[in-house]
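# Report on the structure
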Amino acid sequence: MRAREPDRTGTVDRDGVRVAYEVHGNGDTTILLLPAWAISDSRLWKAQVPYLARHFRVVTYDPRGNGSSDRPTDPALYDPLEQMGDALAILDELEVAKAVLVGNSFGSIIGFLLAALHPDRVDGYVAIGTTLNLDGEPDTGVAGALAKFDQHLEESEGWAKYNRHYWEKDYPGFVDFFINAAFNEPHSTRMIDDGTTWAFNTSPEVLDATVASRVGVPPGKAAGKLRSLAPNIRCPALVIHGSEDLVAPIHRGRQLADLLDAPLEIIDGAGHCPQARHPARLNPMIRDFAAKVSGRSIPVPGPRRGTGPRVLFLSSPIGLGHARRDLAIANQLRSLAPDVDITWLAQNPVTRFLDAHNETTHPASKYLASESTHIEEKAGEHDLDIFGSFRNMDEILVANFGVFSDVVEEEGFDLVVGDEAWEVDHFLHEFPTSKRTRFAWLTDFVGFVPMPEGGEREAFLAADYNLEMIRHVERNPEVRDRSIFVGDPEDVVENTFGPGLPSIRDWVEAHYRFSGFITGFDPASLSDRTAIRAELGYRPDETIVLITVGGSGVGSSLLQRAMLAHIPLSESVPNLRTVVVAGPRVAPEQLPAIPGVELHAFLPDLHRHLAAADVAVVQGGLGTTMELTALGRPFIYVPLKNHFEQQVHVRHRLERHGAGRPIDYDRATPETLAEAVNEQLSFVPDYHPVPSDAAATAARQIAELL
């Protein structure tokens, strides 16, 4: 799933070569994001498009040689002036009189030529990781490799792989080298995966043609020509370069900045594509530059509203348990600080829950890309590789951080509370100077745990992500003003973060406070089950089996199996009443109609029905299973396959409380579920207690920041 789909797509045809483009957003100012090289397509800009498109019209296009564009192999068709012509043709096609050009790597050469040869079409020019060779010296990186591109080299290591003959022999070896050189920063596995995929969407023959068009031109002569064009560039310019760029050394950026008398922004620790690895820093830079050169106003903090402290609450949309506990915390905060003003930045289904409780949702919430939809698209039949889904959600997370960043930049909040707001926590640690207010972080699990099915690759990736998080917190402890674990120390797994890394429990105890698990309600108030059942319309002689899978759409297959269990169960259980809650993201009409099975799309007070039930059948999510634990009700839970949180973190916590009977999905046939329900009907729970004051504890810990 993309964070933003294009508003318009099309192609331009230049002498038989089709070049595909996309348009996102609208407005008087157009930003043209130029392709870097035929080794990648326009998705190299995926971290910029959703953010910039909320402020400007953004145009991207695939270079000839990759993506949806044609792949000619004639070197003449890749001459830099030909490629500049593609950009110009797209501007003409879209009737764009002037644009702000943003180019990375070779894209900065296209932008330079367009700004110099057609200055009336350019409002501004941004060069990122420029490969412009303005001194003619064949130094390290691409410039040095170009000088030997046609030679038969005895060595085949390092930049010797950037060679025509090596590409013919071992293109995968070149791809591995080059993509790792382009994304050389630590913890760049996701960008490396993307880059490798894009690289195999073209061919060595195409890349050979792109380079052959420049080979043979004396570097000094080419540099002289470029320098002679510089006086024609009349627009403002901005040069951005990573301090650790291995493809184009940083002095390339300094040369261009000096030549154009432009500011140079050095991104410390960044490699060749900082827009991919450091988007939280670059996106506002591009926005502010484009706004300034086009005469647009740059957002400034607005006037404060009211006299009390303002809190922006972020609640994870992955399961409604977050929303319930967060509302309980918010209400406790209001009791501690009656003048507090709480606004929610949230997505469906959280917004549906909040609306039912008359909470205020920030209007910018409509710009958030749906994390729940992404998760559901990645799910199989009761199978969800949640770690892989999280990795593939990078584009959505950076887009949503951009929404958050704009909101806190433009408004005066005193505190941000993020309940598993992973994008906010990650990018604030990546770019700590962007933090504008106090930040309280909540989570009910810490640490990615690889599943056996993922093999060595997943084990490596999980450890790398865990190490990145550890380094974030230790390098910038000031980002989290308060870290709260929603549970007790014993609820934390004893696994390590990975080979040679700390124990998860030891690390959490050193870096978190603990609130106890937050149910969002007082179980004692629901202890009179007879009264609750009467209030909800359940007869005293009925046996109530409640089936629910929470707020996601992943559990529809379990719902169907559990519903079918009603048939054999009804033969042995008199007065059986099976109540099914499909949840806000499962359409009831997708489920079978079974006589005696009562179907609800959504119940806002589900916990009251859980209290009334004799037995519940649920997925393995933490919220519902711990609510049942707190209520002391028998239940069966079926964790999602390959879902490390449900399989490891939640199961550990439930085992600690002695709660619930787990059944693997492969064994959860209607007959097996019916047998398990029958057994649970005679089971008398004696669970480890769940604290009733956890929401108040968390609220006190957060209120200290006010």
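So, here is what we can say about the structure in this document. Remember, it's a predicted structure, so these values are computed and weren't measured experimentally. (Residues numbered from 1 in each chain as written. Predicted model: local features only at pLDDT ≥ 70, side-chain atom pairs only at ≥ 80, totals over all residues. Heavy atoms only, no water.)

## Observations concerning the sheet that holds strand E8 (residues 264-267)
Our working rule: A pair of strands counts as paired when DSSP detects no fewer than two bridges linking them. Elements are defined by DSSP. Helices are runs of H or I of four residues or more, strands are runs of E of two residues or more, and each kind is numbered from the N terminus. Angular values range over 0 to 180 degrees, each being the angle between N-to-C directions of two axes fitted as lines to C-alpha atoms, with helices fitted over their stretch in contact. Residue contacts are defined here by distance: any two heavy atoms, one from each residue, within 4.5 Å place the two residues in contact.
Pairing within the open sheet is mixed, and its eight strands lie in the order E1-E2-E4-E3-E5-E6-E7-E8. The open sheet has two edge strands with one neighbour each: strand E1 (8-14) and E8. Strand-to-strand twist in this sheet, taken as the mean axis angle between neighbours without regard to direction, amounts to 20 degrees. Here strand E3 (residues 30-34) pairs with strand E4 (residues 57-61) via four bridges, running parallel. Paired with Ile 31 across the strands is Val 58, a residue of E4. The sheet strands contacting helix H2 (residues 80-93) are E1, strand E2 (17-24), E3, E4 and strand E5 (99-104), and the helix crosses E1 at an angle near 130 degrees. The strands touched by helix H10 (residues 250-260) within the sheet are strand E6 (122-128), strand E7 (237-242) and E8, with E7 carrying the most contacts at an inclination of about 170 degrees.

## Some words on the packing of aromatic side chains
Short version of the rule: Put simply, two rings from Phe, Tyr or Trp (the six-membered ring, in Trp's case) pair if the centres are within 6.5 Å, and we call them stacked under 30 degrees between planes, edge-to-face over 60, tilted for the rest. For every residue, the accessible area (1.4 Å probe, protein chains only) is compared with the maximum for its type, and the residue is labelled buried under 20%, exposed over 50%, or partly exposed between those bounds.
Per the stated rule, a full pass over the model turns up 35 aromatic pairs. Consider the rings of Tyr 171 and Phe 200, whose centres lie 5.7 Å apart with planes at 85 degrees: the pair is edge-to-face. Residue Tyr 171 is found in helix H6 (residues 171-182), and its partner Phe 200 is found in the loop between helix H7 (189-199) and helix H8 (204-212); the two are separated by 29 residues along the sequence. Residue classification places Phe 200 among the partly exposed residues on the basis of a relative accessible area of 43%. For the ring pair Phe 439 and Trp 441, a centre distance of 6.5 Å and an interplane angle of 45 degrees mean the geometry is tilted. Of the residues examined, Trp 441 reaches a relative accessible area of 1% and is grouped as buried. Site record: aromatic cluster; members linked through ring pairs are Trp 37, Phe 149, Trp 159, Tyr 162, Trp 167, Tyr 171, Phe 174, Phe 177, Phe 178 and Phe 200.

## Some thoughts on the packing of helix H17 (residues 394-410) against helix H18 (residues 422-430)
Defined as follows: Relative orientations are named as follows: roughly parallel for angles under 35 degrees, roughly antiparallel for angles over 145 degrees, roughly perpendicular for angles from 65 to 115 degrees, and oblique for any other angle. Polar here means any residue other than Ala, Val, Leu, Ile, Met, Phe, Trp, Tyr, Cys and Pro, which are nonpolar, and Asp, Glu, Lys and Arg, which are charged; Gly is therefore polar.
Running from N to C, H17 and H18 cross one another at 80 degrees; their axes reach a closest spacing of 9 Å. Of the possible angle classes, the one that applies to H17 and H18 is roughly perpendicular. Residue-level contacts link Leu 397, Val 398, Asn 400, Phe 401 and Phe 404 of H17 to Glu 423, Val 424, Phe 427 and Leu 428 of H18. Among the residues forming the contact of H17 with H18, the class breakdown is seven nonpolar, one polar and one charged.

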